[in-house]
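Residues per chain are reported as follows:
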Amino acid sequence: MEAKIQILSIVVSALLLVGVLELVRRRAFLERYALLWLFSSIVLLALAVWNDALSTLSNAIGVATPSNALFLIAFGFVLVLLLHFSLAVSKMSDQIKVLAQRLALLDEHVREQERGAAAERDRSDAEAFIRD
């Protein structure tokens, strides 16, 4: 890999790793997402630094230049992360639907209790009025 491209790859990968570590430090990530991002950024940084491994990997997968192999690997990580996030969003969507249904049932139950309590108050007020 050309020296300029390798330096740029190292800098970008290092910035990604520092950014992920900062987000983890601020607790902006859930643990499972932090682990995915940390793993991805460490692998990209290692491949950017270790040119021989990247060259071997690019030859193994049939990519002409190691820099293209690095971008292909990064794209693969992005696809895996997108798949993981799509699954998480789908699961959360189902959970939100169930929670909304439960909330509606609880709201209806509370309204029935309030109507019953109001009717009971009206009845006791009427009885008190009749006695007076």
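Structure shown above.
Each value, and the rule that gives it
- Residues numbered from 1 in each chain as written.
- Predicted model: local features only at pLDDT ≥ 70, side-chain atom pairs only at ≥ 80, totals over all residues.
- Heavy atoms only, no water.
- Helix = DSSP H or I, 4+ residues; strand = E, 2+ residues; numbered from the N terminus.
- Rg over C-alpha atoms; globule rule 2.2 N^0.38 Å.
- Expected span 1.5 Å × (residues − 1).
- Buried < 20%, exposed > 50% of the residue type's maximum accessible area, 1.4 Å probe, protein only.
- Contact = heavy atoms within 4.5 Å.

1. Regarding the overall build of the protein chain
Then step 1. Helix and strand content of the protein chain: four helices and zero strands.
Then step 2. Secondary structure elements of the protein chain, listed N to C terminal, follow the sequence α-α-α-α.
Then step 3. Relative to the 2.2 N^0.38 estimate, which gives 14 Å for 132 residues, the radius of gyration of the protein chain is 30 Å and therefore markedly larger than a compact globule would have.
Then step 4. Across its three principal directions, the C-alpha atoms of the protein chain cover 100 × 30 × 15 Å.

2. Things to note about helix α4 (residues 66-131)
Then step 1. If you check α4, its first and last C-alpha atoms are 96 Å apart, about what 66 residues at 1.5 Å a residue would give, namely 98 Å.
Then step 2. Three or more residues of α4 are buried, namely Pro66, Ser67, Ala69, Leu70, Ile73, Phe77, Leu81 and Ala88.
Then step 3. In this fold, the buried residues of α4 make contact with α1 (3-25), α2 (31-49) and α3 (51-61).

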